[in-house]
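Spelled out from the first residue to the last, the chains are:
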Amino acid sequence: MDTRKVVLAYSGGLDTSVAIPWIKENYEAEVIALTIDLGEGKNLPEIRNKALKTGASAAFIVDGRDSFISDFVFPTLQAGAMYEGVYPLATALGRPLIAKHLVDVAVREGAYAVAHGSTGKGNDQVRFDVSIMVLAGSRKLEIIAPAREWDMNRETEREYARKRDIPVPEKKGRVFSVDENLWGRSIEGEDLENPWDEPPEDAFAWTKPVAQTPDSPLFIEVSFERGLPVALDGEELGGVALIQQLNRSGGEQGVGRIDHLENRHVGIKSREVYEAPAAVMLHTAHRALEAMVLTREQLRIKERLSQEYADIVYNGLWYSALRQDLNAYFQSTQRFVSGAIRLKLHKGNCTVVGRRSPYSLYSFGLATYGKGDSFDHRAAKGFINIFGLPVKNQAEKQPYQE
Ligand code: ARG
């Protein structure tokens, strides 16, 4: 009989490296390592070699950057979805894309199982498992999550690695648990586990502390077409390049740090710190443009559904009919979300200082208190009479009391 094959989502870090021999020993299977590049800037040939040296029978690298931005990040930006109002969902958006490639490779290679490095306490295992279940459909595909199954702690894991010649990173100072991609960097663990303590400076890698940011502000003009960012300062850019540039410029100005006490799907409250300059800037700009082109009622309904959408993404239901339905609604809301927003970045703040759109609902004639006022002031009286009618009628019959 041929050896059974398992496709492992491989990051090159200690956990997924240890997973290679662990799966081989515990499942009597060969391991195919699969690394998806989501723009973390990692050394991919090195990761591939490490997988093979660690015992993988094959190692594949897939460039997932364009698809990540256009199929996952941008629809979420258009939806205005931030989990609990603050987290732009970087990690949550990466998982369903990785799951898709895991299933594709498993089918292509005739593997009986896929594997990932998530633990039993987090959201990521839910996102992986549920996505894999949906994408596998009626095919039989098992899911192995070594870190959820093995009984190792940090120390015994390092010991296990040493015995098998897996390079163990030397523990110099704090070792945060980090997940990163183009849309943001998620940081957990170490000193962050005490919610009273300010995140230490070495938790951050993309953003400067305010004290080290320039004294003069930086202005950036972001242009949108149908809710998608298409240019910076008038220069057209593809999604990946645009986000990379915003991460750099925002990071320089200290923009994009988020410190959140978060409700995980599994019921645990957790202190989560994020760096997401591009995400913060694009959400800020996109929201400001919508304020100009959507009506009050469109904005209200959209805000409610944004929250639902964020929960769906966070909870691992990317591949659900409900998310597709909501996405169709959000796409419809973006028909006139075209125009430009001027952002001012200064000392960690990102503020909107200018907006314009060919579809703007802002009417100078209606709004102005100066010359050119076209509003019919006398018409207001009739409007108020009718608007106030029900409460006036009620007060006559049921005198208002404190
Ligand atoms: N709390 C975030 C989420 O659930 C980030 C998780 C990041 N994972 C990590 N290994 N640091 O999406």
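Look up: the structure comes first, before these words.
Model, not experiment: these values are computed from the prediction. Residue indices begin from 1 for each chain and proceed along its sequence in written order. In keeping with the predicted nature of the model, local features appear solely for residues at pLDDT of at least 70, side-chain atom pairs appear and are counted solely at 80 or more, and the whole-chain, interface and lining totals rest on all residues. Only heavy atoms go into the side-chain values, all of them from the structure, while hydrogens and water stay out.

Novice: Give a detailed account of the overall build of the protein, specifying residues and quantitative values.
Specialist: Helix and strand counts for the protein stand at 13 helices and 14 strands. Projecting the C-alpha coordinates of the protein onto the three principal axes gives extents of approximately 85 × 50 × 45 Å. Pairs of residues are marked as contacts when any of their non-hydrogen atoms sit within 4.5 Å. In the protein, of all internal contacts separated by at least 6 residues, the share reaching a separation of at least 24 is 73%. Each accessible area value is a Shrake-Rupley result obtained with a 1.4 Å probe; residue values ignore everything except the protein chains displayed when judging cover. With the model as given, the accessible surface of the protein reaches about 21100 Å², and the carbon-plus-sulfur share is 51%. Runs of E in the DSSP output that reach at least two residues are strands. Runs of H or I that reach at least four are helices, and both are numbered from the N terminus.

Novice: Describe the site of the ligand, naming the residues involved and giving the relevant values.
Specialist: Contacts to the ligand come from 14 residues, most closely from Y87, N123, R127, E262 and E272. Polar contact criterion, stated in full: a pair of N or O atoms within 3.5 Å, where within protein one must be able to donate a hydrogen and the other to accept it, and residues adjacent in sequence count only if both atoms are side-chain atoms. Separating an oxygen atom of the ligand from a side-chain N or O atom of R127 is a distance of 2.9 Å. Protein burial of the ligand: of its 340 Å² of free accessible surface, 91% is covered by the chains. Its residues placed into classes, the shell around the ligand shows four nonpolar, four polar and six charged. A single heavy atom is enough: if one lies within 4 Å of a molecule or strand, its residue is considered near that molecule or strand. Each residue gets one of three labels, nonpolar for Ala, Val, Leu, Ile, Met, Phe, Trp, Tyr, Cys and Pro, charged for Asp, Glu, Lys and Arg, and polar for the others, Gly among them.

Novice: Report on the pattern of salt bridges, specifying residues and quantitative values.
Specialist: Salt bridge, as used here: a side-chain nitrogen of Lys or Arg that lies within 4 Å of a carboxyl oxygen of Asp or Glu. Tallied over the full model, the rule gives 26 salt bridges. Linking R174 and D191 is a salt bridge whose minimum nitrogen-to-oxygen distance equals 2.9 Å. Note that R174 is positioned in the loop between α7 (154-163) and β6 (177-181) and D191 in the loop between β7 (184-188) and β8 (218-225), a separation of 17 residues in sequence. The partner of E275 in a salt bridge is R185, and the shortest N-O contact between them spans 2.8 Å. One end of the pair, E275, is in strand β12 (residues 269-275); the other, R185, is in strand β7, and 90 residues separate them in sequence. In this pair, the class of E275 matches that of R185, namely buried. One network of salt bridges, with partners in common, ties together R95, D124, R127 and D179. Burial classification: accessible surface area is computed with a 1.4 Å probe over protein chains only, and a residue below 20% of its type maximum counts as buried, one above 50% as exposed, and the rest as partly exposed.

Novice: Can you break down the layout of surface pockets residue by residue, with the values?
Specialist: There is about 400 Å³ of room inside the second largest pocket. As for the second largest pocket, its lining consists of 17 residues, and the residues nearest its centre are A79, G80, R287, E303 and S306. Residue assignment for the lining of the second largest pocket shows that the elements contributing at least two residues are α3 (65-79), α9 (277-293) and α10 (296-314). Counting residues per element, the lining of the second largest pocket draws most heavily on α10, at six residues. Only protein atoms enter the 1 Å grid, on which a cavity is a set of points fitting a 1.4 Å probe that cannot get out and a pocket is an open set with protein on both sides within 12 Å along at least 5 of 7 lines, lining residues being those with an atom within 4 Å of a point. Grid points are joined across faces, edges and corners, and a volume is the space filled by probe spheres set on the points.

Novice: Just give me the short version of the sheet that holds strand β13 (residues 339-346), but keep the residues and values in it.
Specialist: Here a strand pair is declared whenever DSSP counts at least two bridges between the two strands. Spatially, β10-β9-β8-β13-β14 is the arrangement adopted by the five strands of the open sheet, whose pairing is antiparallel. Whereas interior strands pair on both sides, the edge strands pair on one side only; in this sheet they are β10 (235-236) and β14 (349-356). Pairing geometry for strand β9 (residues 228-232) and β10, over two bridges, is antiparallel. When the sheet's bridge partners are listed, L232 is paired in β10 with E235. Packing against the sheet, helix α8 (residues 239-252) makes contact with β8, β9 and β13, and its axis sits at approximately 65° to β9. Fitted lines through C-alpha atoms give the axes, limited to the stretch in contact for helices. The angle between two N-to-C directions lies from 0 to 180 degrees.

Novice: Lay out the packing of α3 against α10 with the relevant residues and their values.
Specialist: Where α3 contacts α10, the axes come no closer than 9 Å and their chain directions differ by 145°. Contacts between α3 and α10 pair P75, T76, Q78 and A79 from the former with K302, S306 and Y309 from the latter. Of the residues contributing to the contact of α3 with α10, the split by class is three nonpolar, three polar and one charged.

Novice: Tell me about the environment of L14, and name the residues and values.
Specialist: Along the polypeptide, L14 turns up in helix α1 (residues 14-27). On a C-alpha basis, the gap between L14 and E157 in space is 8.6 Å, while along the polypeptide they are 143 residues apart. In contact with L14, other than residues within four places in its own chain, are E157, R158, A161, I166, P167, V168 and P169.

Novice: Any chance you could break down the sheet that holds β12 for me, citing the residues and the numbers?
Specialist: Reading across the sheet, the four strands line up as β6-β7-β12-β11 and stay open at both edges, with antiparallel pairing between neighbours. Two strands in the sheet have a free side with no partner beyond their single neighbour: β6 and β11 (257-263). Between one strand and the next, the sheet's axes are offset by a mean angle of 25°, whatever the strand orientation. In terms of strand pairing, β7 meets β12 through three bridges, oriented antiparallel. Bridged to R185 within β12 is E275.

Novice: I'd like to hear about the packing of aromatic side chains, residue by residue, with values.
Specialist: Describing an aromatic ring pair means giving the distance of the ring centres and the angle of the ring planes. Only Phe, Tyr and Trp rings take part, Trp by its six-membered ring, and two of them pair if their centres are within 6.5 Å. Stacked means planes under 30 degrees apart, edge-to-face means over 60, and tilted covers everything else. Going through the model one piece at a time under the given rule, you end up with eleven aromatic pairs. Following the ring pairs from residue to residue traces out a cluster consisting of F72, Y309, W318, Y329 and F330. Here, a charge over a ring means that NZ of Lys or CZ of Arg falls within 6 Å of the ring centre while also lying within 35 degrees of the ring normal. The ring of Y314 has R127 lying over it, and the distance from NZ or CZ to the ring centre is 4.9 Å.

Novice: Outline a nonpolar patch on the surface, supporting the account with residue identities and numerical values.
Specialist: Patch members must show over 30% relative accessible area and no salt bridge, and they are joined within 9 Å when carrying like charges or within 5 Å when they are nonpolar side chains of Val, Leu, Ile, Met, Phe, Trp or Tyr. A cluster of nonpolar side chains, namely F383, I384 and F387, defines an oily patch on the protein surface of about 380 Å² accessible area. Mapped onto the elements, I384 comes out in helix α13 (residues 379-397).

Spatial relationships are all this shows, so hold off on functional conclusions.
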